[in-house]
Amino acid sequence: MAGVSTKEIKNRIRSMESTRQITKAMEMVAASKMRKAQDRMLAARPYGERIRNIVARLASASTSFEHPYLRSVGNDAAKIGLIMVTTDKGLAGPLNTNIQRAVWNKIKDWKANGAEVTATAIGNKGLGFLQRSGVEVLSQVIQLGDRPNMERLIGAIDAQLELYAQGKLDKVYLAYSRFLNAMKQEPVVEQLLPLSADRLEEIGEGSREHSWDYLYEPDDATVLGVLLKRYVEALIYQAVAENMASEQSARMVAMKAASDNAHKLIGDLQLVYNKTRQAAITTEITEIVGGAAAVS
């Protein structure tokens, strides 16, 4: 940093100290929100697991009614629905970039096979990404805050579910960031509809030699219709809760890294400041000694 005065270096040090105070505060806020988001995510899991087991049992039971969510579709789907869950705010490290990259790879594969993609955006970052990618955005919901709200999600989700029930979509996929731990979040793009046999077997109690025979009241169509819709909504709610926990974790880690980098940069600037100040003092002493020698 040759040619920089000690005053300029001091100003840079003050600026970095202010930045470090901000990132440290954001780290602490994200840590607090992460614990609350993680508690909400864990609290929603028992309900999700219970309704998944119920759906798995009823789906494997003998019934004359075939629900649209359970219909079989081949690999060559012409119309794809996508529900993409991202954050509303930035400063979350590579969280949004990772899920966007995974979704973009999927979109390229779908378009290469001649499929049309219709998307629902949950989160401002995902909405901007889908618009830039030229994907048709059917519905959107942004500014969800720090906790998932099913009442706000239901409208955007129903737009996709209705198209699928009407046969205007062949498959619906769900993309979100799965919370593994505070240091790791995994981008996930999984098939939401139709509910595959592998998916139901995975979430159920395993294969059986026989299936249960149920008596439905009022009828099998009504019961399966309500339960399967609740099941899909539970999956999406859980995905939003996982994504919010991932967001706060990623932000906490990113702000900690920023605080550590600011601390290191302050140390480097302080060293440069000391060297520059020492050089200036040495120059002044040399000038005084030289002037005294000239006078004598």
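The structure we're discussing is the one just above.
These lines cover the structure that appears in this document, whether it is placed above or below. Small disclaimer: the values here were computed from a predicted structure and weren't measured.

1. Concerning the sheet that holds strand E4 (residues 171-181)
Reasoning step 1: Spatially, 5 strands are ordered E3-E2-E1-E4-E5 in an open sheet, and the strand pairing comes out mixed. Sheet topology places strand E3 (136-141) and strand E5 (184-193) at the edges, where each strand pairs with a single neighbour. Here the strands of the sheet are splayed against their neighbours by 20° on average, with no regard to which way each runs.
Reasoning step 2: Pairing analysis gives 7 bridges linking strand E1 (residues 79-85) to strand E2 (residues 116-122), with the strands arranged parallel. Its bridge partner lying in E2, Leu82 is registered against Ala119.

2. Thoughts on the side chain of Asp88
Reasoning step 1: Its place among the elements puts Asp88 in the loop between E1 and helix H2 (95-112).
Reasoning step 2: Among buried charged residues, Asp88 stands out as having no salt bridge; its nearest opposite-charge side chain is Arg152, 6.9 Å away.
Reasoning step 3: For Asp88, the side chain forms a polar contact with the main-chain nitrogen of Asn124, separated by 2.8 Å.
Reasoning step 4: Reaching out from Asp88, the side chain makes a polar contact with the backbone nitrogen of Gln143 at a distance of 2.9 Å.
Reasoning step 5: Each residue touching Asp88, except ones within four places of it in the same chain, is listed here: Gly123, Asn124, Lys125, Ile142, Gln143, Leu144 and Gly145.

3. With respect to the nonpolar core
Reasoning step 1: Grouped together as the largest cluster of nonpolar side chains are 34 residues, with contacts concentrated most on Ile122, Leu192, Leu193, Val232, Ile236 and Val240.
Reasoning step 2: Residue assignment for this core shows that the elements contributing at least two residues are helix H1 (6-60), E1, helix H4 (150-165), E4, E5 and helix H6 (220-295).
Reasoning step 3: The leading source of residues in this core is H6, at 11 residues.
Reasoning step 4: If near-sequence neighbours (up to four positions away) are discounted, Ile122 is found in contact with Ile83, Met84, Val85, Thr86, Val141, Leu144, Leu153, Ile236 and Val240.
Reasoning step 5: Ranked by size, the runner-up nonpolar core spans 18 residues in total, among them Ala119, Ala121, Leu127 and Val135.

4. Topic: the packing of aromatic side chains
Reasoning step 1: The full count for this structure, using the stated rule, is 1 aromatic pair.
Reasoning step 2: Between the aromatic rings of Trp110 and Tyr173, the centroid separation amounts to 4.9 Å while the plane-to-plane angle is 45°, which identifies the pairing as tilted. Of this pair, Trp110 sits in helix H2 while Tyr173 sits in strand E4; the two residues are 63 residues apart in sequence, bridging distant segments of the chain. As far as the burial class goes, Trp110 and Tyr173 line up, both buried.
Reasoning step 3: Of note, Lys10 hangs over the ring of Tyr273, and the distance from its end group to the ring centre comes to 4.7 Å.

5. Description of the side chain of Ser177
Reasoning step 1: With respect to the helices and strands, Ser177 occurs in strand E4.
Reasoning step 2: Residue Ser177 is classed as buried on the basis of its relative accessible area, which comes to 2%.
Reasoning step 3: With residues near it in sequence (within four places) discarded, Ser177 still touches Leu95, Ile99, Glu186, Pro187, Glu242, Asn243 and Ser246.

6. Some points on the pattern of salt bridges
Reasoning step 1: Taken as a whole and assessed by the stated rule, the structure comprises 9 salt bridges.
Reasoning step 2: Note that Glu247 is salt-bridged to Arg251, the shortest N-O span being 3.1 Å. Highlighted residues: Glu247 and Arg251, both in helix H6, separated by 4 residues, approximately one helical turn. Each member of the pair, Glu247 as well as Arg251, carries the same accessibility label: buried.
Reasoning step 3: Between Asp268 and Lys264 there is a salt bridge; the shortest N-O distance is 3.4 Å. Of this pair, Asp268 and Lys264 both sit in helix H6, 4 residues apart, which is roughly one turn of the helix.
Reasoning step 4: Residues participating in the shared-partner salt-bridge network are Arg178, Glu186 and Glu190.

Conventions and cut-offs
Residues numbered from 1 in each chain as written. Predicted model: local features only at pLDDT ≥ 70, side-chain atom pairs only at ≥ 80, totals over all residues. Heavy atoms only, no water. Pairing = 2+ DSSP bridges. Helix = DSSP H or I, 4+ residues; strand = E, 2+ residues; numbered from the N terminus. Axes fitted to C-alpha atoms, helices over the stretch in contact; angles between N-to-C directions. Buried < 20%, exposed > 50% of the residue type's maximum accessible area, 1.4 Å probe, protein only. Lys, Arg positive; Asp, Glu negative; His and termini not counted. Salt bridge = Lys/Arg side-chain N within 4 Å of Asp/Glu carboxyl O. Polar contact = N/O pair within 3.5 Å; in protein donor to acceptor, adjacent residues only side chain to side chain. Contact = heavy atoms within 4.5 Å. Core = buried A, V, L, I, M, F, W, Y, C linked by side-chain atoms within 4.5 Å. Phe/Tyr/Trp six-rings, centres within 6.5 Å; stacked < 30°, edge-to-face > 60°. Lys NZ or Arg CZ within 6 Å of the ring centre and 35° of its normal.

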